[in-house]
Amino acid sequence: QTEMIADLSNPILQPWVVEQMRKSNAEVLAGKVGFTARSRCWPHGVPGFLLYPVHPILFIQTQEKVVMTWGQDFQLRHVYLNVPHTNDPNPSWYGESVGHYENGDTLVVDTIGLNDRTYIDNYRTPHTTKLHVVERFRLLPGGQSMVVNVRVEDPGAFTMPWNAVQRYQIDHRPTEVPLREMVCAENHEDYFHQGLAPVPQADKPDF
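Residues numbered from 1 in each chain as written. Predicted model: local features only at pLDDT ≥ 70, side-chain atom pairs only at ≥ 80, totals over all residues. Heavy atoms only, no water.

Under the defined criterion, the tally for this structure stands at one cavity of 30 Å³ or more. Its boundaries defined by the atoms lining it, the largest cavity holds a volume of some 120 Å³. Lining of the largest cavity is provided by 14 residues; of these, Thr 36, Ala 37, Tyr 52, Tyr 119 and Asp 121 occupy positions nearest its centre. Across the lining of the largest cavity, the residue classes break down as six nonpolar, five polar and three charged. (1 Å grid on protein atoms, 1.4 Å probe; cavity = no way out; pocket = protein on both sides within 12 Å on 5 of 7 lines; lining within 4 Å. Points joined across faces, edges and corners; volume = space filled by probe spheres on them. Nonpolar A, V, L, I, M, F, W, Y, C, P; charged D, E, K, R; others polar.)

Written out as structure tokens, the structure reads:
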């Protein structure tokens, strides 16, 4: 298996980000398994939610919100439509997402209130609670694919905003390609020796 080693020459990274990623690179080069959210069954956060296209994402829309569910272990994102952000949202794994439609075909999702326990990408790029992500989901002509334009701002981790793009193939046959039940349960053992706090264990059975 080829482990991902981050390129530390990116000039927009704040010094503390470079140092943290340097330590992570050194651990991987020394034989340690590179940590990903999936290896610990943690939520992927934003924009990390977009980085696992192997599994399908199902969009469910009502008049009040759009719900996105990821196909592996049914992680949910709730996007509340046509409402403002709250004044001071409590930091959480997926933050507070509000959305609206532009030009009738582009869902704009604005997310703040993210905690700092997730990574920006699969190279373990950290971020702070100042992270602000704007995603634009748009179906391309023909309806067979979708492009997501992402803008990321975090003055605590980056010296400037930056943009990224994700593309998806669209399957319009959900009954023929069902979401299969998959359970991801965080284990109390640190098999990959990532130095993370173990899941608490009771010293005796409850019954």
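Back to the text.
To describe a pair of aromatic rings, you give the distance between the ring centres and the angle between the ring planes. Per the counting criterion, the structure on display carries four aromatic pairs. Each ring, one from Phe 59 and one from Phe 137, has its centre 5.8 Å from the other, and the planes form 75°; the classification is edge-to-face. Linking Phe 59 in strand S1 (residues 57–61) with Phe 137 in strand S6 (residues 132–139), this pair joins segments that are 78 residues apart in sequence. Between Phe 158 and Trp 162, the ring centres sit 5.8 Å apart and the planes meet at 85°, which makes this aromatic pair edge-to-face. With a relative accessible area of 4%, Phe 158 lands in the buried category. The positively charged end of Arg 77 is found above the aromatic ring belonging to Phe 49, 5.5 Å away from the centroid. (Phe/Tyr/Trp six-rings, centres within 6.5 Å; stacked < 30°, edge-to-face > 60°. Helix = DSSP H or I, 4+ residues; strand = E, 2+ residues; numbered from the N terminus. Buried < 20%, exposed > 50% of the residue type's maximum accessible area, 1.4 Å probe, protein only. Lys NZ or Arg CZ within 6 Å of the ring centre and 35° of its normal.)

Turning to the sheet that holds strand S5 (residues 106–112), a few remarks are in order. Pairing between the strands of a sheet comes from backbone hydrogen bonds, and it takes one of two forms, parallel or antiparallel. One open sheet accounts for eight strands, arranged S1-S2-S3-S4-S5-S6-S7-S8; its pairing is mixed. The sheet terminates laterally at S1 and strand S8 (162–169), the two strands that pair on one side only. In this sheet, adjacent strand axes meet at a mean angle of 25° when their direction is disregarded. With three bridges joining them, strand S3 (residues 76–81) and strand S4 (residues 96–102) adopt parallel strand pairing. The residue of S4 that forms the bridge with Tyr 80 is Val 98. (Pairing = 2+ DSSP bridges. Axes fitted to C-alpha atoms, helices over the stretch in contact; angles between N-to-C directions.)

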